[in-house]
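Spelled out from the first residue to the last, the chains are:
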Amino acid sequence: MKYVIKNGSVVFSDGVRPCDILVEDGKIAKIGENLPAEGEVIDAEGLHIFPGLIDMHVHLREPGYEGKEDIESGSKAAVAGGFTQVCCMPNTNPVNDNAVVTTYIKYRAEKVNLCKVNPIGSITKGEKGEELAEIGKMAAAGAVAISDDGRSVMDSKIMRLAMEYANDFNIKCLCHCEDENLVDGGVVNEGLNSTITGLKGSLRAAEDIMIAREIALSESLDIPVHICHVSTYSGVEIIRSAKARGVKVTAESCPHYFWLTDDVIRDFDTNTKVNPPIREEKDRQAIIAGLMDGTLDCIVTDHAPHGKKDKQVEYSLAAFGISGIETSFSLSYTKLVKEGEMTLSQLAERMSAAPARILGLEGGKIEEGGVADLTIADLAAKYVIDGEKFVSKGKNTPFNGTEVYGRVAYTIVDGDIKYSAK
Ligand code: DOR
Ligand code: ZN
């Protein structure tokens, strides 16, 4: 199988250059100008070619919550969003806390055969925070990391053991950071808007305390750690200073944290309910600054699809989460590159190279001999987000009516076109 992608602008780590790409047997066989047309030709005139986007934090809901999403619908949504590879969190039912569930997820994803799906095992059995899960067995079955995402591991000794075990098996802990006692049932950011709406607030400190604890453990043990979905300006600052003294900490944030402020909760739209909560303008600015200077290594979606019945209830009862995998690329490109100071190469670093590096996954760059995982996008294409048109079962987005730029034209995995806008 051989084809050439012609006339596109290729996003390399050191800049964007017009190049043709010869794809052969799932690999990038050659990159160069005016390559002869061998086999089929994909005309990428006016399009940009990125290394295949990687989302290291999604919820695919299978097994157990297939009404919200399943591996097939989530994979379809992923490739429609330009993602060639995703890593799925273990808060399924049963929880992915053992090798059987890990193996099942991999098996299902291979049957579906769209994007690459890497399971993340849980840290503790049932994500209950009490007893370590079968970390070694899950790693052997293909878990690329461990996380109790959706919850924090409140017991610091268990977290210490988890980091040590994970490190022994050469995988990382991805830490959902919130002190559950301090959150105490809070559903939005604690501040002016929680007071105005009467919704129970959650302090930044609930998140920051756990970010600081994970960093303290990482520093004391000299074991790498990754902080999930950072939402606070103060959390960004804690990570920045830890990095400056050499702590092996990496971190992520999501489009909703650099697009929105908690003003959006004032009309009680439950699609704005997410954990951690959307915060204030100084947080939003700090997330952008963190993504610019690399304090925040990568952009993830925390794609958290929910059904109508989970969201069409009063705010305090609604499920936390945003269906984000189909809007992440456009939202990130529009806010950070088109309206901001980020270069396309930096965007590719945050959405592809960094997650690949953090988790040791293949892909992340466009190079001869490398895997042909590619995302081709039309950056000039403008559209208005409409959650009802999502491929995902989860239509829960706070971005309905938002005008964005950057439409995914093709998603190519191992050389196969898995999504085409046409
Ligand atoms: O908003 C969220 N939704 N945050 C999480 O940490 C979990 C996720 C979910 O599973 O729905
Ligand atoms: Zn999550």
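Above: the structure in question.
Residues numbered from 1 in each chain as written. Chains lettered and ligands numbered in written order. Predicted model: local features only at pLDDT ≥ 70, side-chain atom pairs only at ≥ 80, totals over all residues. Heavy atoms only, no water.

Asker: Could you clarify how one ought to interpret the overall build of the protein chain in this entry?
Answerer: A count of helices and strands for the protein chain gives 13 helices and 18 strands. Taking 422 residues into account, the globule formula puts the C-alpha radius of gyration at 22 Å, and the protein chain, at 20 Å, falls close to it. Dimensions of the protein chain, computed from C-alpha atoms along their principal axes, come out at roughly 65 × 45 × 45 Å. Across the 422 residues that make up the protein chain, the buried fraction comes to 63%. Positive and negative charge centroids in the protein chain, built from 46 and 64 side chains respectively, lie 1 Å apart. (Helix = DSSP H or I, 4+ residues; strand = E, 2+ residues; numbered from the N terminus. Rg over C-alpha atoms; globule rule 2.2 N^0.38 Å. Buried < 20%, exposed > 50% of the residue type's maximum accessible area, 1.4 Å probe, protein only. Lys, Arg positive; Asp, Glu negative; His and termini not counted. Charge placed at Lys NZ, Arg CZ, Asp CG, Glu CD.)

Asker: Explain a nonpolar patch on the surface to me, please; I cannot follow it from the model alone.
Answerer: On the surface, Leu161, Tyr165 and Phe169 cluster together into a nonpolar patch covering about 270 Å² of accessible area. Here Leu161 shows up in helix α4 (residues 156-168). Overall, Leu161 belongs to the partly exposed group, its relative accessible area being 31%. (Patch = residues over 30% accessible without salt bridge, like charges linked within 9 Å, V, L, I, M, F, W, Y side chains within 5 Å. Areas by Shrake-Rupley, 256 points an atom, 1.4 Å probe, with all protein chains shown as cover. Salt bridge = Lys/Arg side-chain N within 4 Å of Asp/Glu carboxyl O.)

Asker: How should the pairing of strand β16 (residues 374-384) be read in this particular structure?
Answerer: On a regular strand, one side chain projects to one face of the sheet and the next to the other, so that they alternate. Relative to β16, strand β5 (residues 48-51) runs antiparallel, the two sharing four bridges. Counterpart to His48 in the pairing with β16 is Ala377. One ladder, built from eight bridges, connects β16 with strand β17 (residues 403-413); its direction is antiparallel. Bridging across to β17, Val384 finds its partner in Glu403. (Pairing = 2+ DSSP bridges.)

Asker: Whenever I open this one, unusual backbone geometry confuses me. Can you help?
Answerer: Glycine aside, the phi torsion of most residues is negative, and most peptide linkages are trans. In this structure, the amide linkage connecting Asn93 to the following residue, Pro94, adopts the cis form with an omega of 0°. Mapping Pro94 onto the fold places it in the loop between β7 (83-88) and α2 (99-112). Cis peptide bonds are those with omega within 30 degrees of zero, and the linkage from Asn275 to Pro276 qualifies with 0°. Of note, Glu127 is a non-glycine position whose phi angle comes to about 50°, a positive value. Residue Asn170 is not a glycine yet carries a positive backbone phi of 65°. Examined against the element boundaries, Asn170 turns out to sit in the loop between α4 and β10 (172-175).

Asker: Hey, could you run me through the packing of aromatic side chains in this one?
Answerer: How two aromatic rings sit relative to each other is given by the distance of their centres and the angle of their planes. Tallied over the full model, the rule gives three aromatic pairs. Considering the side-chain rings of Phe50 and Phe329, the 5.3 Å spacing of their centres and the 80° angle between planes classify their relative orientation as edge-to-face. With a gap of 279 residues between them, Phe50 in strand β5 and Phe329 in helix α12 (residues 328-338) connect regions that are remote in the sequence. Phe50 gets classed as buried once you look at its relative accessible area, which sits at 0%. (Phe/Tyr/Trp six-rings, centres within 6.5 Å; stacked < 30°, edge-to-face > 60°.)

Asker: Explanation requested: the side chain of Gln85 in the structure shown.
Answerer: Inspection of the secondary structure assignment puts Gln85 in strand β7. Every residue in contact with Gln85, bar those within four places of it in the chain, is listed here: Leu53, Ile54, Asp55, Cys115, Lys116, Asn118, Leu361, Glu362 and Asp373. (Contact = heavy atoms within 4.5 Å.)

Asker: Teacher, can you tell me more about the coordination of the zinc ion (ligand 2) here?
Answerer: Note on the zinc ion (ligand 2): its protein donors are His57 (NE2), His59 (NE2), Asp149 (OD) and Asp302 (OD). The metal-donor distances range over 2.0 to 2.2 Å. If you look at the zinc ion (ligand 2), its four donor atoms make angles of 86 to 174° with each other, and the shape they trace is irregular. Going along the chain, you hit the donors of the zinc ion (ligand 2) in the pattern H-x1-H-x89-D-x152-D. With His59 in the loop between β6 (53-58) and α1 (71-80) and Asp302 in the loop between β15 (298-299) and α11 (308-311), the pair connects residues that are 243 residues apart, well separated along the chain. No difference in accessibility class separates His59 from Asp302, as the two residues are buried. (Donors = N, O, S within 2.8 Å, 3.2 Å for Na, K, Ca; no water. Tetrahedral: all angles 85-135°; square planar, octahedral: opposite > 155°, others 65-115°.)

Asker: Would you mind showing me how to read the sheet that holds strand β13 (residues 225-227) here?
Answerer: Hydrogen bonds between backbone atoms are what pair the strands of a sheet, whose relative direction is either parallel or antiparallel. Taken together, the five strands give an open sheet; going across it, the order is β9-β10-β13-β14-β15, and neighbouring strands pair in parallel fashion. Edge positions in the sheet fall to β9 (145-146) and β15, since each has one partner strand and no second. Relative to β13, β10 runs parallel, the two sharing three bridges. Residue pairing for β13: Cys175 is matched across the bridge by Ile227. Sheet strands touched by helix α8 (residues 233-244): β13 and β14 (249-253). Its angle to β14, the strand with the most contacts, is close to 150°. (Axes fitted to C-alpha atoms, helices over the stretch in contact; angles between N-to-C directions.)

Asker: Help me understand α12 in this model?
Answerer: Side chains that are three or four residues apart share a direction in an α-helix, a result of its 3.6 residues per turn. Taken across its 11 residues, α12 has 10 buried, putting it largely inside the fold. Listing the buried residues of α12 in full gives Ser328, Phe329, Ser330, Leu331, Ser332, Tyr333, Thr334, Lys335, Leu336 and Val337.

Asker: Sorry, what's going on with the pattern of salt bridges here?
Answerer: Opposite charge on two side chains makes pairing possible when the charged atoms of those side chains draw close. According to the stated counting rule, one finds 30 salt bridges in the structure shown. Put simply, Lys393 and Asp70 hold a salt bridge, and the shortest N to O gap is 2.8 Å. Remark: Asp70 occurs in the loop between β6 and α1 and Lys393 occurs in the loop between β16 and β17; sequence separation between them is 323 residues. Judged by its relative accessible area of 33%, Lys393 is partly exposed. What emerges from the salt-bridge pattern is a single network uniting Lys116, Glu362, Asp373 and Asp414.

Asker: Looking at this structure, how should I read the site of ligand 1?
Answerer: Neighbouring residues of ligand 1: 14 residues in total, closest Arg61, Asn91, Asn275, His306 and Phe320. Separating an oxygen atom of ligand 1 from a side-chain N or O atom of His306 is a distance of 3.1 Å. A distance of 3.3 Å is found between an oxygen atom of ligand 1 and a backbone nitrogen or oxygen belonging to Gly321. Against a free-state accessible area of 290 Å², the protein chains account for coverage of 94% of ligand 1. Considered class by class, the residues forming the shell around ligand 1 number three nonpolar, eight polar and three charged. (Near = heavy atom within 4 Å. Polar contact = N/O pair within 3.5 Å; in protein donor to acceptor, adjacent residues only side chain to side chain. Nonpolar A, V, L, I, M, F, W, Y, C, P; charged D, E, K, R; others polar.)

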